[in-house]
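# Descriptive structure summary
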Amino acid sequence: YSTTVEIFATSAGGTLVGSTTRCEDDDAVYTLTLSGETGEVVRWERSLTGVDQWITIDNITTSLDYSDLAQTTHFRALVQNGACAAVYSSMATIQIDELSEGGTLGGGTTVCNGTNSTTLELSGYTGGVVEWQSSASSAGPWTPIVSTATSMPFNNLTATTYYRVIVQNGVCSSTPSSVAEIEVSPETLAGLVNGSAVVCYGT
């Protein structure tokens, strides 16, 4: 009699393509794709750490759709060729950026026209400073100020001016901070006293 021995190539996990960065409010559907594998997909898995706590995804195809992720998530596929040991693919990571938060611009005050000095400081924001902006009105139009600092000194202002900061976190849309006002009061003028006269004592 004859015996057939089937020889399988060693399983190869392949490469996951589709790693990207998304904003947490992005609800579009995206796809991860497995390529270069040897064998069949046994399942997909996901994890928030990329190290442990892997959760099974019931999918045996070479692509995986995802959407509405709330946190950065790591994915991988388990591949097995015949009787050979199953192996994992490379890992794909979908980074989720928090929404930009403009925060509060503090330090608004009233100063005297001429020689004056004050500092505005940004707090409670999420992201990085893109630029500062100024305006003669709280409603704009706004003029860019080239700076990515979280605080800024202002000196010798001669007119009331409004300021805000534009903040952006990762790939999320930028957003403005609250508006701070530096009110400039006119300098004190002593004025003139008129009406000098010579009068009689008692009357």
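First, a word on what this report is: a plain description of the structure on this page. (Residues numbered from 1 in each chain as written. Predicted model: local features only at pLDDT ≥ 70, side-chain atom pairs only at ≥ 80, totals over all residues. Heavy atoms only, no water.)

The subject of this paragraph is the state of the cysteines. Scanning the entire structure with this criterion turns up one disulfide. Note that Cys23 is cross-linked by a disulfide to Cys172, the S-S spacing being 2.0 Å. Between Cys23 and Cys172, the S-S dihedral sits near 110 degrees, and the bridge is therefore right-handed. With Cys23 in strand β2 (residues 20-23) and Cys172 in the loop between β16 (161-168) and β17 (175-176), this residue pair connects regions lying 149 residues apart in the sequence. Taken individually, Cys23 and Cys172 each receive the classification buried, so the pair is uniform in this respect. (Disulfide = S-S within 2.5 Å. Helix = DSSP H or I, 4+ residues; strand = E, 2+ residues; numbered from the N terminus. Buried < 20%, exposed > 50% of the residue type's maximum accessible area, 1.4 Å probe, protein only.)

With that settled, consider the side chain of Arg164. Note that Arg164 resides in strand β16. The side chain of Arg164 sits in the buried core without any salt bridge; Glu131 is the nearest counter-charge, 7.1 Å away. A distance of 2.6 Å separates the side chain of Arg164 from the side chain of Gln133, its partner in a polar contact. Contacts of Arg164, omitting those with residues within four sequence positions, involve Leu105, Trp132, Gln133, Trp142, Pro176, Ser177, Ser178 and Val179. (Lys, Arg positive; Asp, Glu negative; His and termini not counted. Salt bridge = Lys/Arg side-chain N within 4 Å of Asp/Glu carboxyl O. Polar contact = N/O pair within 3.5 Å; in protein donor to acceptor, adjacent residues only side chain to side chain. Contact = heavy atoms within 4.5 Å.)

A separate point is the sheet that holds strand β6 (residues 63-66). The strand order across the open sheet formed by three strands is β1-β3-β6, and the pairing between neighbours is antiparallel. Looking at strand neighbours, the two that pair on one side only are β1 (15-17) and β6, the edges of this open sheet. Pairs of neighbouring strands in the sheet enclose a mean axial angle of 20 degrees, with direction left out of account. Pairing of β1 with strand β3 (residues 30-35), which is carried by three bridges, proceeds in the antiparallel orientation. Each residue of the ladder has a partner; that of Thr15, found in β3, is Ser35. (Pairing = 2+ DSSP bridges. Axes fitted to C-alpha atoms, helices over the stretch in contact; angles between N-to-C directions.)

This part is about the sheet that holds strand β10 (residues 104-106). In sheet architecture, strand pairing relies on hydrogen bonds along the backbone and comes in two forms, parallel and antiparallel. Strand order across the open sheet formed by three strands is β10-β12-β15, with antiparallel pairing between neighbours. Whereas interior strands pair on both sides, the edge strands pair on one side only; in this sheet they are β10 and β15 (151-155). Across the sheet, the mean angle separating the axes of adjacent strands is 20 degrees when strand polarity is ignored. One ladder, built from three bridges, connects β10 with strand β12 (residues 117-123); its direction is antiparallel. By the bridge assignment, Gly106 is partnered in β12 with Glu121.

Bear in mind that shape data such as this cannot, by itself, settle questions of function.
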